[in-house]
2 protein chains.
Amino acid sequence: MPESTDAAGDQPDDGSGVRERDRLTVPQGLAALSLDALASVAYGPEAIVVVLAVAGGHGLGFTMPVTVAIVVLLAALTSSYRQVIAAFPNGGGAYAVAGRHLGRRVSLVAAASLIIDYVLNVAVSISAGVAALTSAFPSLYGERVWLCVLVLALITGVNLYGVAESAKALILPTVVFVVAVLTVIAVGLLRAHPVVQPTRPGPATETVGLLLLLKAFASGCAALTGVEAIANAVPTFRSPRVKRAQRTEIALGALLGTMLLGLSALIGRFQVAPNPTKTVLAQLTEAALGHNAAFYVVQFTTMALLALAANTSFGGMPVLTSLLARDHHVPHVFALRADRQVYRHGVLVLAGAALVLLVGARGDTQALVPVFAIGVFIGFTLSQIGMVRHWWIERGSGWRGRAVLNGLGAVLTAVATVIELVAKFDKGGWLVFLAVAVLVLLFESIHRTYQRIGRGLHVGEVPGPPRERRSLVVVPVGAVNLLTREALSAALSLGDEVRAVTVAHPEDVDAPSSERMREAWEQWHPDVPLTVLTSRTRSLTRPIVDYLRRLSELDEHDRLVVLIPEMQLPHPWQRLLQNQRGAVLDRAIRRYTDVVICRLRFRVDVPR
Amino acid sequence: MPESTDAAGDQPDDGSGVRERDRLTVPQGLAALSLDALASVAYGPEAIVVVLAVAGGHGLGFTMPVTVAIVVLLAALTSSYRQVIAAFPNGGGAYAVAGRHLGRRVSLVAAASLIIDYVLNVAVSISAGVAALTSAFPSLYGERVWLCVLVLALITGVNLYGVAESAKALILPTVVFVVAVLTVIAVGLLRAHPVVQPTRPGPATETVGLLLLLKAFASGCAALTGVEAIANAVPTFRSPRVKRAQRTEIALGALLGTMLLGLSALIGRFQVAPNPTKTVLAQLTEAALGHNAAFYVVQFTTMALLALAANTSFGGMPVLTSLLARDHHVPHVFALRADRQVYRHGVLVLAGAALVLLVGARGDTQALVPVFAIGVFIGFTLSQIGMVRHWWIERGSGWRGRAVLNGLGAVLTAVATVIELVAKFDKGGWLVFLAVAVLVLLFESIHRTYQRIGRGLHVGEVPGPPRERRSLVVVPVGAVNLLTREALSAALSLGDEVRAVTVAHPEDVDAPSSERMREAWEQWHPDVPLTVLTSRTRSLTRPIVDYLRRLSELDEHDRLVVLIPEMQLPHPWQRLLQNQRGAVLDRAIRRYTDVVICRLRFRVDVPR
């Protein structure tokens, strides 16, 4: 029995699906939930360098100041999120916080920007992962779009299949990556000269101005994506949940800040300029460690961690869309888990959108990064504003201090959001803006339609009592055999009246001539009248549909039912031999009539 | 009403689907049925040249003798098929002739080789058509595989949609092609020197021996593919059918022979060697007419005619597989025409197989041509042998002469088949051999399984009378509303006993808490008991499946029925908002239980 293999007995009692010993400690939480944020050091510093490089070596000198500004923002964000964790111990995603304190409309803006983030995170992480790989194997550079599609297909497949994610399995790659990056930084800073000379900056084509610095800051903020993940997932921590989650948030902030500052110092020291075929991180690794086995280890680890970072979106977005479905903002199928415990529709929409972005950007990370941070920062800002409102409503002891802290976070992230939008409006920022607007309008329109459907179903009213009517069951038959007998037995059990109907056409398989069918019927004598329809065209379904429509016009007061018998063969490969007439008939009847369709599967015993 | 747009009133009375005035005259028949054979001059002569070129200029000198041998074979074939037409006025395909006179097993060999032909014809015609195009536009040569796939997709799409083929529409391209080729031959033979010098033969790497000549002959026989098409389609001719069909066959033989000999003479005159990026026909055209507008007209016409030639397989193979399905040799779905009057499964299998060949051969015609003729010649031989047997059984006046003529055809084609197999065994001939064997074994195995299914259904016996039983209808419900009322009404009409069942789970959309559901039910008071199942896992289907299994174990003597209600929204885009719970539940119940599943669609009126 396939369904009994499901380990139903191994379930927890609180309905969440997770047992206490499977919940997260601080190191596990850092690995499972911060992996996305930590992995962004693979493309964040590069995003700054790409902008500043237009001002040549002089421009690259501003990498450190820009990074410092970003790290200050990071510090504000982590302190703010420490408070979010305390205030929303059941998970404080931007959608939840905004929904509680800022109203439905604002929560939809948060949801739309989150969806865009999830998609961009997949696209950026995969393309950056492939860039790490092609930096190690430059001959693969020409195939990078295919490699991106391959990685995406792999991740999608895994998520459609629905593997249980184990935080423990994520610790190793995260630790190796963090240790590797910190080693690169430490060794690099101790070296007088680079082992392998990185790409030198070209001549300046622009001078360093405020706009350029703001652009660099806006791009570099992509490194902060993912710091909100811990606050969304407080319930997955082991008790005391809030304390553990807060400690994890602080650890993430410290680690990410250290790595960003360290890499930035290294970029300044070695004067690294961007190179399309070799990432900045790869150049730094070569400069610090040399082109040897260690270099390949760093590249592979980066690739693996970025693939896992892309995977985190597949954990987040289907859950978000299922919440939106529960609130009637997206089609209800997004909340449907069928055979596997997976929100399949959410996974597929995410994969499809990421595919479009990856192919559209030709697998180039730096074409995607500029817009990545916008959606994230909209979410940050809305969360912080919601939190200020939260403290103002609660007014517990020391609420003013908390409100000021979240208020500062709100102001900083709002300023950053405006900078993002202005600095990158022409680089795709308008598209994010437009996408948020379109998504919100779509959510609203779907919500209104569900309300109208509810009115159509008279939801909330007590309907009249159900009415019993006389039932007439029509059974399409093709021959006199055991299947027909079983179908008539079922029909007689269900109907007050039963009629068999057959379509005779000389050119159809299985369709006997009308005379032979009538003869066989009389010989059998099943006490059910047989109507032989002759088809003028070769269509199987038309005559039956027409017959049913005539019947429903004649016998208006009867409940009309069609019972379609089908044989079910024991072996899967034998099922290829079943004709699909039942399915075809079902579809046609459903399309053109309102009758109730019953399908009877009769298991045929196939003798050897 | 979409279904009434079908022009059912415009049908003929004889059931064939064709009115007399739409039937074929000799010129129309030549265009519609011989197009495939005539188009093969685009790759047939080239196939000879490719083989002989290894012996340099001296080898190419043997083009004419090899062509003469092929034309002799053509003459024998057309005379033979003249007799087939007279003997099988209802269509004398190899499958029919072999089936009547040589037994089922041999007819399956014929069918297998025909299927392989149909597939190879699509692949060869499309790749040759694309070669004609890339000869005109050499810059497209690198994209030839994609072009092949594009043309295949186009033809497949057209055939899935099911356009009525009009013989009249085919006359123009066929006439233009024939006139163009004859012009190239006439002008070329009158010229002293070529306008554009064709590719010169390289140095000889082999000497001319018997094996080389046999190989050239075997490859060139690809030019004869398609000459059987007229005999398969006698019923589509206008009266007197047999006379018209015979005249068409003779006309085809004369025209094809003339073109082959003419092109061969031209090849000898201009000493044309094969060139991967420019077809032999394109070289001959340039040599005779120059590189001007006329050259492009010839190339485009060739391309168009070859695409139409590929299309003829889509007319033939789905009909053949439907005949095989009627005889229970392939799954019955191949005989299923659903909404459109198209054997969709046959079309898709043909397209899929051709796609594999085209991509596998990287769009190179000359990689496919060598094996093309093998399947065709197996069919030729079996037809001729069958005909000899036919005359021997009938023994009408002058039967001996006819038997000798077909016997001669049989011997010649049998010899040609052996040459094909031997000369090309290493070039893919073994694959054809293997494919025929595998297909025949598959047909046999399917046939045996259908016989066993028939025994399982006790076909041929009169079954016992149908038995009426008490029915218990279970209705899964999610809320109290109009849909639920409609479902219970239908269930009460059908069942002796009705039970409603609901699955409560806090995490599911639409799933109310068990208390609220119970309250609403009591308030409604529909006189149907409600069972609330609580789900330990988050699965929607598991609790209901388990409940049904328990019921069917308890109430063994009842007929158990599940009635699944679904809302049907008026606009197609609104249907995206329907949750697919009905379909998911249907699938799960069908998979794990034997109960009868009824689906009720309730049209919900959505107010504005």
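The following refers to the structure shown. Just so it is clear, the structure is predicted and the values come from calculations on it, not from any experiment.

Calculation criteria
Residues numbered from 1 in each chain as written. Chains lettered and ligands numbered in written order. Predicted model: local features only at pLDDT ≥ 70, side-chain atom pairs only at ≥ 80, totals over all residues. Heavy atoms only, no water. Phe/Tyr/Trp six-rings, centres within 6.5 Å; stacked < 30°, edge-to-face > 60°. Helix = DSSP H or I, 4+ residues; strand = E, 2+ residues; numbered from the N terminus. Buried < 20%, exposed > 50% of the residue type's maximum accessible area, 1.4 Å probe, protein only. Lys NZ or Arg CZ within 6 Å of the ring centre and 35° of its normal. Disulfide = S-S within 2.5 Å. Core = buried A, V, L, I, M, F, W, Y, C linked by side-chain atoms within 4.5 Å. Contact = heavy atoms within 4.5 Å. Buried area = accessible area lost by both parts, 1.4 Å probe. Salt bridge = Lys/Arg side-chain N within 4 Å of Asp/Glu carboxyl O. Polar contact = N/O pair within 3.5 Å; in protein donor to acceptor, adjacent residues only side chain to side chain. Nonpolar A, V, L, I, M, F, W, Y, C, P; charged D, E, K, R; others polar. Pairing = 2+ DSSP bridges. Patch = residues over 30% accessible without salt bridge, like charges linked within 9 Å, V, L, I, M, F, W, Y side chains within 5 Å. Areas by Shrake-Rupley, 256 points an atom, 1.4 Å probe, with all protein chains shown as cover.

**Describing the packing of aromatic side chains**
Geometrically, a pair of aromatic rings is defined through the distance of the ring centres and the angle of the planes. With the rule as written, the count across this model stands at 16 aromatic pairs over all chains. For the ring pair A:Phe137 and A:Phe300, a centre distance of 6.0 Å and an interplane angle of 55° mean the geometry is tilted. Of this pair, A:Phe137 sits in the loop between α6 (104-136) and α7 (144-161) while A:Phe300 sits in helix α13 (residues 293-326); the two residues are 163 residues apart in sequence, bridging distant segments of the chain. Since its relative accessible area comes to 33%, A:Phe137 is described here as partly exposed. Taking the centre distance of 5.4 Å and the plane angle of 80° together, the rings of B:Phe295 and B:Tyr296 count as edge-to-face. Residue class for B:Tyr296 comes out partly exposed when judged on its relative accessible area of 26%. One aromatic cluster is present, built from ring pairs that chain together A:Phe137, A:Phe295, A:Tyr296 and A:Phe300. One cation-aromatic arrangement involves A:Arg144 over A:Tyr141; the distance from NZ or CZ to the ring centre is 4.3 Å. B:Arg402 extends its terminal NZ or CZ atom over the ring of B:Trp391, reaching a point 5.5 Å from the ring centre.

**Thoughts on the state of the cysteines**
Under the defined criterion, the tally for this structure stands at one disulfide over all chains. The disulfide that involves A:Cys598 links it to B:Cys598, with 2.1 Å between the sulfurs. The sign of the S-S torsion, about 100°, decides the handedness of the disulfide formed by A:Cys598 and B:Cys598: right-handed. Of this pair, A:Cys598 sits in strand β5 (residues 596-603) while B:Cys598 sits in strand β5 (residues 596-603), on two different chains. Comparing A:Cys598 with B:Cys598 shows no difference in burial state: the two are buried.

**As for the nonpolar core**
All names here are of chain A. Ile-126, Leu-224, Leu-256, Leu-284, Leu-324, Phe-377 and Phe-443 are the most contacted members of the largest nonpolar core, which totals 142 residues. Of the residues forming this core, the biggest block, 18 residues, is contributed by α6. The contact partners of Phe-443, leaving out residues within four places of it in the chain, are Leu-108, Ala-111, Ala-112, Ile-115, Leu-324, His-329 and Val-330.

**Points about the interface of chain B and chain A**
Interfaces are often sized by the accessible area lost when the parts come together. Taken together, the contact pairs 100 residues of chain B with 102 residues of chain A. Between chain B and chain A, roughly 9,400 Å² of surface is buried when both sides are summed, and carbon and sulfur atoms account for 56% of that area. Counting the contacts that link chain B with chain A gives four salt bridges. Notably, a salt bridge pairs A:Asp594 with B:Arg603, separated by 2.2 Å at the nearest N-O pair. Taken together, the connections running from chain B to chain A amount to 26 residue pairs in polar contact (both at pLDDT 80 or more). For the side of chain B that touches chain A, the leading source of residues is helix α18 (residues 482-494) of chain B, giving 10 residues. Of the residues assigned to the side of chain B that touches chain A, the class counts are 46 nonpolar, 22 polar and 32 charged. Looking at chain direction, β5(A) and β5(B) are connected through three bridges and run antiparallel. Each residue of the ladder has a partner; that of A:Ile597, found in β5(B), is B:Arg599.

**What about a nonpolar patch on the surface?**
All names here are of chain A. On the surface, a cluster of nonpolar side chains totalling about 600 Å² of accessible area is made up of Phe-425, Trp-430, Leu-431, Phe-433, Leu-434 and Val-438. Among the structural elements, Phe-425 can be located in the loop between α16 (399-424) and α17 (429-456). The exposure class of Phe-425 is partly exposed, given its relative accessible area of 41%.

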